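A structural walkthrough
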Amino acid sequence: AVPSTWAQAPRAADDADETTAATGPSARPEERRVSRPNYRLRIDAPAELEAPIRERTLLGRWVDDAQFAPEQLPLFLQRGEEEVIAVARAAGFFSARAEVTRLPGESQTLPEILIRVEAGARTTVSAHTLTVRGAAAGEGVERELQAAWPLPAGSFFRTDVWETGKRPLIES
């Protein structure tokens, strides 16, 4: 198993209301951060999924946002599993399973959330074939597109790389 990590140190009871100066809706995200987290977030997942989970899920993005309201947490928990699975699939883990749990704790402490991911097997590109039909068949453009394809055989499939690779094909 991959070691768990904590988003930040727990908030002490005497500084529970301490936030950054700019907290209005027009504040940039980095200006809306609290000095301590709104809840503790523990992620038990392959290391390469930790940062994307923190960046692309509600639970990850709101952990230290000054505009967080505790009433939001049930929604974040409800959507968490679906969001985590989407992150795993984007990285090529199409059989991933996720569990998002609010751990029991004392009412005076920060809520503690555990995201556990069983990634499963990662999809690997076994081969690719690019065929150009029509006047450009066998021409330089076909060779250029083939050489520029970003997912060679043996590489891990990643949705963002796939999308980047498709773009020149569609535009050609």
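This is a predicted model, so every value here is computed, not measured.

Turning to the overall build of the protein chain, a few remarks are in order. Of regular secondary structure, the protein chain possesses five helices and four strands. Going residue by residue from the N terminus, the α and β elements of the protein chain occur as β-β-α-α-α-β-β-α-α. For the protein chain, with 172 residues in total, the buried portion stands at 33%. Summarising the internal contacts of the protein chain: among those between residues at least 6 apart in sequence, 64% fall at separations of at least 24. Only carbon and sulfur atoms are counted for the fraction: they give 52% of the accessible area of the protein chain, which is about 10,400 Å².

Right, let's get into the side chain of Asn38. Tracing the backbone shows Asn38 in the loop between strand 1 (5-6) and strand 2 (40-44). One polar contact links the side chain of Asn38 to the main-chain carbonyl oxygen of Trp62, over a distance of 2.9 Å. Within the structure, Asn38 has its side chain in polar contact with the backbone oxygen of Asp65 (distance 3.0 Å).

This next bit is on the pattern of salt bridges. Within the structure shown, the criterion is met by eight salt bridges. Across the pair Arg158 and Glu48 runs a salt bridge, and its minimum N-O distance is 3.4 Å. Taken together, the residues Arg158 in the loop between helix 4 (140-148) and helix 5 (159-171) and Glu48 in helix 1 (residues 47-56) connect sequence positions 110 residues apart. On the basis of relative accessibility, which here comes to 39%, the residue Glu48 falls in the partly exposed class. The partner of Glu83 in a salt bridge is Arg79, and the shortest N-O contact between them spans 3.7 Å. One end of the pair is Glu83 and the other is Arg79, both in helix 3 (residues 73-90) and four residues apart, which spans about a single turn. The exposure class assigned to Glu83 is buried, which follows from its relative accessible area of 13%. Residue classification places Arg79 among the partly exposed residues on the basis of a relative accessible area of 40%.

Now for the side chain of Ser155. Of note, Ser155 is situated in the loop between helix 4 and helix 5. A distance of 2.7 Å separates a polar atom in the side chain of Ser155 from the backbone oxygen of Pro152. Beyond its immediate stretch of four places on either side in the chain, Ser155 contacts Thr123, Thr124 and Val125.

Another aspect to go through is the packing of aromatic side chains. On inspection of all chains with the given rule, the structure shows six aromatic pairs. Aromatic side chains Phe68 and Phe76 sit 6.0 Å apart centroid to centroid with 45° between the ring planes, which places their arrangement in the tilted category. There is no split in this pair, since Phe68 and Phe76 are both buried. Ring centres 5.8 Å apart and planes at 45° place the aromatic pair Phe94 and Phe157 in the tilted group. Of the two residues, Phe94 is situated in the loop between helix 3 and strand 3 (97-103) and Phe157 in the loop between helix 4 and helix 5; the sequence distance between them amounts to 63 residues. Overall, Phe94 belongs to the partly exposed group, its relative accessible area being 40%. Look at Phe157 and you get buried, because its relative accessible area is 17%. An aromatic cluster is built from Tyr39, Trp62, Phe68 and Phe76, whose rings are joined through pairwise contacts.

Time to look at the pairing of strand 4 (residues 112-118). Along strand 4, five of the seven residues are buried, which leaves the element largely enclosed by surrounding structure. Sheet topology note: the strand 2/strand 4 ladder contains five bridges and is parallel. Pairing of Leu41 across the sheet is with Ile113, part of strand 4. Sheet topology places strand 3 next to strand 4; seven bridges connect them, and they run antiparallel. What sits directly across from Thr101, in strand 4, is Leu114.

Reading guide: rules and limits
Residues numbered from 1 in each chain as written. Predicted model: local features only at pLDDT ≥ 70, side-chain atom pairs only at ≥ 80, totals over all residues. Heavy atoms only, no water. Helix = DSSP H or I, 4+ residues; strand = E, 2+ residues; numbered from the N terminus. Buried < 20%, exposed > 50% of the residue type's maximum accessible area, 1.4 Å probe, protein only. Contact = heavy atoms within 4.5 Å. Areas by Shrake-Rupley, 256 points an atom, 1.4 Å probe, with all protein chains shown as cover. Polar contact = N/O pair within 3.5 Å; in protein donor to acceptor, adjacent residues only side chain to side chain. Salt bridge = Lys/Arg side-chain N within 4 Å of Asp/Glu carboxyl O. Phe/Tyr/Trp six-rings, centres within 6.5 Å; stacked < 30°, edge-to-face > 60°. Pairing = 2+ DSSP bridges.

Read these as layout, nothing more, since geometry by itself doesn't imply function.
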